[in-house]
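Structural features, examined
Chain by chain, the residues run as shown.
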Amino acid sequence: MATSASTVGLPEDKAYIAHHFNCPTCCAAGLSGGQQERCTDGLLLWDTYNQAARLLLEPLKSNRRPARAIFNGGRHGSNW
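Criteria and cut-off values
- Residues numbered from 1 in each chain as written.
- Predicted model: local features only at pLDDT ≥ 70, side-chain atom pairs only at ≥ 80, totals over all residues.
- Heavy atoms only, no water.
- Helix = DSSP H or I, 4+ residues; strand = E, 2+ residues; numbered from the N terminus.
- Buried < 20%, exposed > 50% of the residue type's maximum accessible area, 1.4 Å probe, protein only.
- Contact = heavy atoms within 4.5 Å.
- Areas by Shrake-Rupley, 256 points an atom, 1.4 Å probe, with all protein chains shown as cover.
- Axes fitted to C-alpha atoms, helices over the stretch in contact; angles between N-to-C directions.
- Parallel < 35°, antiparallel > 145°, perpendicular 65-115°, else oblique.
- Nonpolar A, V, L, I, M, F, W, Y, C, P; charged D, E, K, R; others polar.
- Disulfide = S-S within 2.5 Å.
- Core = buried A, V, L, I, M, F, W, Y, C linked by side-chain atoms within 4.5 Å.

1. A word on the overall build of the protein
Scanning the protein from terminus to terminus reveals four helices and zero strands. Starting at the N terminus and ending at the C terminus, the protein contains elements arranged as α-α-α-α. Expressed as a percentage of its 80 residues, the buried residues of the protein come to 22%. Long-range pairs, those at least 24 residues apart, make up 44% of the contacts in the protein between residues at least 6 apart in sequence. Surface exposure of the protein reaches about 5900 Å², of which carbon and sulfur atoms provide 57%.

What follows is the structure in structure tokens.
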């Protein structure tokens, strides 16, 4: 996933960008079109960024349970 204007300001975006432009390995990976791997720290930051971006950018799917159902073990109608 590439960065986009809609992810600017996410803490995960800021953390990856701060690392990326100070890491020759991650800069090269970003330019390689997937041919070169990021460094260990950069890969962790990149994966974290992608996970946050997907959560932000994917519309809520109709078959997903509401967050409350997840937090209370799936028992709808009970208190948190």
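2. Describing the packing of helix 1 (residues 11–20) against helix 2 (residues 24–31)
Interaxial distance between helix 1 and helix 2 falls to 8 Å at its minimum, and their mutual angle equals 105°. It follows that helix 1 is roughly perpendicular to helix 2 by the angle criterion. Taken together, the residues of helix 2 that come into contact with helix 1 (itself represented by Tyr16, His19 and His20) are Cys26, Cys27 and Gly30. Of the residues assigned to the contact of helix 1 with helix 2, the class counts are three nonpolar, three polar and no charged.

3. Regarding the state of the cysteines
Cysteine pairs can be linked by a disulfide, which is a covalent bond between their two sulfur atoms. Taken as a whole and assessed by the stated rule, the structure comprises zero disulfides. Lacking any disulfide linkage, cysteine 26 is separated from the closest cysteine sulfur, that of cysteine 23, by 3.8 Å. As a non-bridged cysteine, cysteine 27 has cysteine 23 as the owner of its nearest cysteine sulfur, 6.9 Å distant.

4. Some remarks on the nonpolar core
Core analysis: the largest hydrophobic core is formed by seven residues, namely Tyr16, Cys23, Cys26, Cys39, Trp46, Tyr49 and Ala53. When residues of this core are assigned to their parent elements, the largest contribution, three residues, is made by helix 3 (residues 40–57). Not counting residues up to four positions away in its chain, the partners in contact with tyrosine 16 are Cys26, Arg38, Gly42, Leu45 and Trp46.

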